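Working through the structure, step by step
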Amino acid sequence: MGILQVQNVNKSFGGLKALNNVNLDITEGTVHAIIGPNGAGKSTLLNCFVGRLRPDTGTVKFNGRSLLGLTPHEINQVGVARVFQTPEIFSDLTLLENVLIPALAVRDGAFRVNTWGRVDSQADVRDRAEALLADVGLADKRHTQSSSLSRGDKRRLELAMCLVQQPKLVLLDEPTAGMSRADTNNTIDLLARMSEQHGVTKIIIEHDMHVVFSLADRVTVFAQGHPIVEGTPDEIKGDPRVQEAYLGGAQV
Amino acid sequence: MTAIKRETARGDLVRFAAFTVVILTMPLWLVPFGAAYPDLMQKFAIYGLFAIGFNILFGLTGYLSFGHAAFLGVGSYTAVWSFKLLGMNPLPAIGLAILLAGAFAWVIGFVSLRRTGIYFSILTLAFAQMSYNLAYSVLTPITNGETGLRVLNSDPRVLDHMIGAGEVEGSLVATLFGVEMNGLPGFYFCAVWLLIGMFVSFKIFRSPFGLMLQAIKSNQNRLNYTGINTRPYALTAFVISGMYAGLAGALLCVTDPLAGAERMQWTASGEVVLMTILGGAGTLLGPMLGAGIIKYSENIFSAFNEQTLHQIFGVLPDGVEGAVVSVAGLFVGEGWHLTLGLLFMLIVIFLPGGLIEGGRRIAGALSRSRKGGGIDHAHPQAAE
């Protein structure tokens, strides 16, 4: 039984069927890529996992527990973290503060009025936050304001914010979108290293096949809201249905 | 590279100590400014508290409330009722005012915080205007309508009678341990509350709770996906700032036991927004500075008249003097709001961070030029 089980999920926006009877089973500890042409329903599916959207029918279970009806912060608290397509950070705050916030969310829960201690005297969370900033190579910038970072660095920061929570499942929405080839390769290295060190299950939505084939253990191909093929990267490469979905004429 | 955000615990202690000294010595150093009279200094302390509390909501959490005068009014009415029923001791009045204003803020915040941005501001404004109209007309039995609520000799004042201080000749004033809370003792009483309020504000700013509030301001959506339930955080900030306003309202009545509905009007809500932005929203000391400047100009510029202007510009040749005085005359006396408006525009356009940011820029420029054009000093130091 997988860590995340998706069964018979449907979602329509007006007359448009964004997700059409989706079934997925994500195995714990793997990197699972979801690919497909624009408008195939990949991001809609991700939004159903994190509580932004609610599917019309079907179930989404994380470790046997249904995620439907939970709010985004509740889903995060059970161990599902998300990295956004455009980096979402606290740009008015320093890098260290950016990583301290998710660390505090794990330690103190969704709401706790803690006004007595100072932020910089919370040694336990601070050490972890600094260790993760060092991990992603941003330790020397930890007291700068995060709005001054480059896009690639913002992506690294967001990854640190995500991993400091030690989540069980990480959802990455196009982690290399809009990056140069060099930055993309850096991110691939970083993600691969994170997989080795932290052993977190990951779901990656990605257009860049180079990224997919470097990282993924399994790949699911979406077309018109429905998964059409699933297999290892090698199996996917040669599948004619994939070619068809990407190159038009998508009668599935 | 931007930003040097390193505030150590020791630095904060020094700043708070300096603030304490500055506040407590106000009767001395305000003399050359012509502002060292107790009534005005009481206003500095009281409106400083109001703005410090408002800043926790607006500066830190990023929610712009246009209805905070409602809590000021609730605090005032509560205090006067406490005087009427319990007695002229200011402590129960203040305690009750803080509690009631907090409860009132919880209700209004619970509804208003369902929206953000301009919709939140409009909701708070609507609530405050409703409160004002209720106080002005419908709730006359409680608020005494447009006449205002005052303490009468015939009021029960249970505690006063118990300790045998029930019969008072002349007007009734709040009294603590035999000291009447007007004049200089009144100022020092307010100053002590101001220092407590400032201390709490320091604590909140540097705490994990304060960090979450700043994160709400910066990116609330992200914070939700980070496992934080943002609504109770924002509501707590709202209630805390409402309690500050209630305290300020109570202190207004401690120094002068009279509460009127105009205290809740939208102009009063707008004034605290001006104070906060003028001094620097989101800074610790800015709101106090803004409150001081606005209350000072209100009292000093509004007292200027043609005569004073002629004295000031007396050195100029006659024709020129007449012209200058007639132009300058527009900006003083009744027209002091014009001065305030101009100052406010200049600040918002050129110094969006308020006067505190202006001070920082000047300090930065000075230390740069002293180091011989060094660019490097703004870089953060890694070591603690």
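Chain B is annotated in an unreviewed UniProt entry as ABC-type branched-subunit amino acid transport system permease subunit from Roseospira visakhapatnamensis. Quoted verbatim from the Subcellular location (unreviewed entry) heading of the UniProt record, the comment on chain B is "Cell membrane".

Chain A appears in an unreviewed UniProt entry as Branched-chain amino acid transport system ATP-binding protein from Roseospira visakhapatnamensis.

**Considering the overall build of chain A**
Across its full length, chain A carries nine helices and 10 strands. Compactness check: chain A gives a C-alpha radius of gyration of 19 Å against a globular reference of 18 Å for 252 residues, within 12% of the reference. The buried share of chain A, reckoned over its 252 residues, is 43%. A separation of at least 24 residues holds for 68% of the contacts in chain A among residues at least 6 apart in sequence.

**Things to note about the sheet that holds strand β1 (residues 4-13) of chain A**
Residue and element names in this part refer to chain A. Strand order in the open sheet formed by four strands is β2-β1-β4-β5, with antiparallel pairing between adjacent strands. Sheet topology places β2 (16-26) and β5 (65-66) at the edges, where each strand pairs with a single neighbour. The pairing of β1 with strand β4 (residues 57-62) spans five bridges and is classified as antiparallel. When the bridges of β4 are listed, L4 appears paired with F62. Contacts from helix α1 (residues 42-50) reach β1, β2 and β4 within the one sheet, and its direction differs from that of β2 by about 65°.

**Some remarks on unusual backbone geometry**
Residues and elements named next belong to chain A. Positive phi, normally seen in glycine, also occurs at N21, with a value near 50°. Relative to the assigned elements, N21 resides in strand β2. For N21, a count of 14 C-beta atoms within 10 Å puts it in the partly exposed group. Look at Q224: it is not a glycine, yet its phi comes out positive at around 50°. For Q224, the position within the fold is in the loop between β9 (218-223) and β10 (226-231). What makes Q224 partly exposed here is the crowd of 18 C-beta atoms within 10 Å.

**Overview of the interface of chain A and chain B**
On the chain B side, the residues contacting the 36 residues of chain A number 31 residues. Every element with two or more residues in the side of chain A that touches chain B is listed here: α2 (72-77) and α3 (95-108) of chain A. The element that contributes the greatest number of residues to the side of chain A that touches chain B is α3(A), accounting for eight residues. Here the side of chain A that touches chain B is composed, by residue class, of 16 nonpolar, 13 polar and seven charged.

**Details of the UniProt feature "transmembrane region" (unreviewed entry) in chain B**
Residue and element names in this part refer to chain B. When the UniProt feature table is mapped onto this chain, "transmembrane region" (unreviewed entry) is found at residues 16-37, 44-71, 91-111, 118-139, 186-205, 232-252, 272-291 and 338-356. Between the C-alpha atoms that bound residues 232-252 the distance is 30 Å, and the span itself is 100% helix and 0% strand. Summarising residues 338-356: 84% helix, 0% strand, and an end-to-end C-alpha distance of 22 Å.

Cut-offs used in this document
- Residues numbered from 1 in each chain as written.
- Chains lettered and ligands numbered in written order.
- Predicted model: local features only at pLDDT ≥ 70, side-chain atom pairs only at ≥ 80, totals over all residues.
- UniProt positions renumbered as here; feature names shortened; annotations may be inferred.
- Helix = DSSP H or I, 4+ residues; strand = E, 2+ residues; numbered from the N terminus.
- Rg over C-alpha atoms; globule rule 2.2 N^0.38 Å.
- Buried ≥ 20, exposed ≤ 12 C-beta atoms within 10 Å, placed from the backbone.
- Contact = placed C-beta atoms within 7 Å.
- Pairing = 2+ DSSP bridges.
- Axes fitted to C-alpha atoms, helices over the stretch in contact; angles between N-to-C directions.
- Nonpolar A, V, L, I, M, F, W, Y, C, P; charged D, E, K, R; others polar.

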